[in-house]
Amino acid sequence: GAVVSQHPSWVICKSGTSVKIECRSLDFQATTMFWYRQFPKQSLMLMATSNEGSKATYEQGVEKDKFLINHASLTLSTLTVTSAHPEDSSFYICSARPGQGGYEQYFGPGTRLTVT
Amino acid sequence: GNSVTQMEGPVTLSEEAFLTINCTYTATGYPSLFWYVQYPGEGLQLLLKATKADDKGSNKGFEATYRKETTSFHLEKGSVQVSDSAVYFCALSPDTGRRALTFGSGTRLQVQP
């Protein structure tokens, strides 16, 4: 149980285009989902927290107009990288937390984005 | 703010050696503490956790004890295997608010046969 999927697993796009990444909790409902970014050989940096039905909370320094997050249902959150640039190339990871008030998070396998 | 500091890698050990990866944290209140593992090409997996002081988390031969007096959560394993080669992340989740995870920088472990 507690499986989180991400789609696509990798994507290459041209500079200036937009890319959407999906995060799904397959066997549980997630009221809260988190989006992280991981640079090569570095740790995960929290980008934003999304709650179903409300606006996402972005971490300091993360452009909310560039990284659009939509938590449309209890099993789906999407991250759209708008007008992508090469510096947006990274590994994007989502996690989902079931229920209310708990601490456990389940991680997706990640999406590698390469912007050319 | 909250922070997690863990020893830099890579850590290279021979099979059956003893492993310790140090982790210390800074946080207010009573955070929950975690060790996550990332195998090559895979996503993060929860390895073990502890939610209060003096708790010991354990899984797959790995152990870590929540030491509030030293604000530490060191990861140990008595006898590592080649299959343990991975990157290990120490993390904390505060006991209030959004409870988002704060990660350490990760420690790469390489176990040689």
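The preceding data block contains the structure.
Residues numbered from 1 in each chain as written. Chains lettered and ligands numbered in written order. Predicted model: local features only at pLDDT ≥ 70, side-chain atom pairs only at ≥ 80, totals over all residues. Heavy atoms only, no water.

Draft legend 1. Main features of the packing of aromatic side chains. Using the criterion set out here, one finds 12 aromatic pairs over all chains in the structure. Relative to Tyr36(B), the ring of Phe34(B) lies with its centre 6.0 Å away and its plane at 35 degrees, an arrangement referred to as tilted. Among the aromatic residues, ring-to-ring pairing joins Phe34(A), Tyr36(A), Phe107(A), Phe34(B), Tyr36(B), Phe89(B) and Phe103(B) into one connected group. (Phe/Tyr/Trp six-rings, centres within 6.5 Å; stacked < 30°, edge-to-face > 60°.)

Draft legend 2. Looking closely at unusual backbone geometry. Note the cis peptide between His7(A) and Pro8(A), where omega equals 0 degrees. In this fold, Pro8(A) is placed in the loop between β1 (4-7) and β2 (10-13). That bond from Gly9(B) to Pro10(B) is cis: its omega, 0 degrees, falls within 30 degrees of zero. For Asp54(B), which is not a glycine, the phi torsion comes out positive at approximately 75 degrees. Checked against the element boundaries, Asp54(B) lands in the loop between β6 (44-50) and β7 (56-59). Positive phi outside glycine occurs at Lys60(B), with the angle close to 55 degrees. Along the chain, Lys60(B) falls in the loop between β7 and β8 (62-65). (Helix = DSSP H or I, 4+ residues; strand = E, 2+ residues; numbered from the N terminus.)

Draft legend 3. Quick look at the sheet that holds strand β7 (residues 67-73) of chain A. Residue and element names in this part refer to chain A. With respect to topology, four strands assemble into an open sheet ordered β1-β3-β8-β7, the strand pairing being antiparallel. Each end of this open sheet is capped by a strand with a single partner; those strands are β1 and β7. When strand polarity is set aside, the average angle formed by the axes of neighbouring strands in this sheet is 15 degrees. The sheet contact formed by β7 and strand β8 (residues 76-81) spans five bridges and is antiparallel. For leucine 68, the partnering residue across the bridge sits in β8 and is threonine 80. (Pairing = 2+ DSSP bridges. Axes fitted to C-alpha atoms, helices over the stretch in contact; angles between N-to-C directions.)

Draft legend 4. Seen up close, the interface of chain A and chain B. With 22 residues of chain A in contact, the opposing surface of chain B contributes 20 residues. Between chain A and chain B lies a buried interface of about 1600 Å² when both sides are counted; carbon and sulfur atoms form 53% of it. Seen at the junction of chain A and chain B, the total is zero salt bridges. Taken together, the connections running from chain A to chain B amount to two residue pairs in polar contact (both at pLDDT 80 or more). Looking at the side of chain A that touches chain B, the elements with two or more residues in it are β4 (30-38), β5 (44-51) and β9 (90-98) of chain A. Looking at the side of chain A that touches chain B, its residues break down into nine nonpolar, nine polar and four charged. (Contact = heavy atoms within 4.5 Å. Buried area = accessible area lost by both parts, 1.4 Å probe. Salt bridge = Lys/Arg side-chain N within 4 Å of Asp/Glu carboxyl O. Polar contact = N/O pair within 3.5 Å; in protein donor to acceptor, adjacent residues only side chain to side chain. Nonpolar A, V, L, I, M, F, W, Y, C, P; charged D, E, K, R; others polar.)

Draft legend 5. Spotlight on the pattern of salt bridges. All told, the structure shown has five salt bridges over all chains when counted by the stated rule. With a shortest N-O distance of 2.9 Å, Asp88(A) and Lys66(A) are connected by a salt bridge. Placement of Asp88(A) in the loop between β8 and β9 and of Lys66(A) in the loop between β6 (57-58) and β7 is noted, with a sequence separation of 22 residues between them. Looking at Lys66(A), the relative accessible area reads 11%, which means it is buried. When the shortest N-O distance is used, the salt bridge between Lys52(B) and Asp55(B) registers 3.3 Å. (Buried < 20%, exposed > 50% of the residue type's maximum accessible area, 1.4 Å probe, protein only.)

Draft legend 6. A look at the environment of Tyr25(B). Note on placement: Tyr25(B) falls in strand β4 (residues 23-26). If near-sequence neighbours (up to four positions away) are discounted, Tyr25(B) is found in contact with Ser3(B), Val4(B), Pro31(B), Leu33(B), Tyr66(B), Arg67(B), Lys68(B), Thr71(B), Ser72(B) and Leu92(B).

Draft legend 7. Molecular detail of the state of the cysteines. All names here are of chain A. Within this structure, the stated rule accounts for two disulfides over all chains. Shown here is the disulfide that connects cysteine 23 with cysteine 94, its sulfur atoms set 2.0 Å apart. One disulfide, between cysteine 23 and cysteine 94, carries an S-S torsion of 80 degrees and so falls in the right-handed class. Placement of cysteine 23 in strand β3 (residues 19-25) and of cysteine 94 in strand β9 is noted, with a sequence separation of 71 residues between them. For cysteine 23, a relative accessible area of 0% corresponds to the buried category. For cysteine 94, a relative accessible area of 0% corresponds to the buried category. (Disulfide = S-S within 2.5 Å.)

Read these as spatial facts, not as claims about activity.
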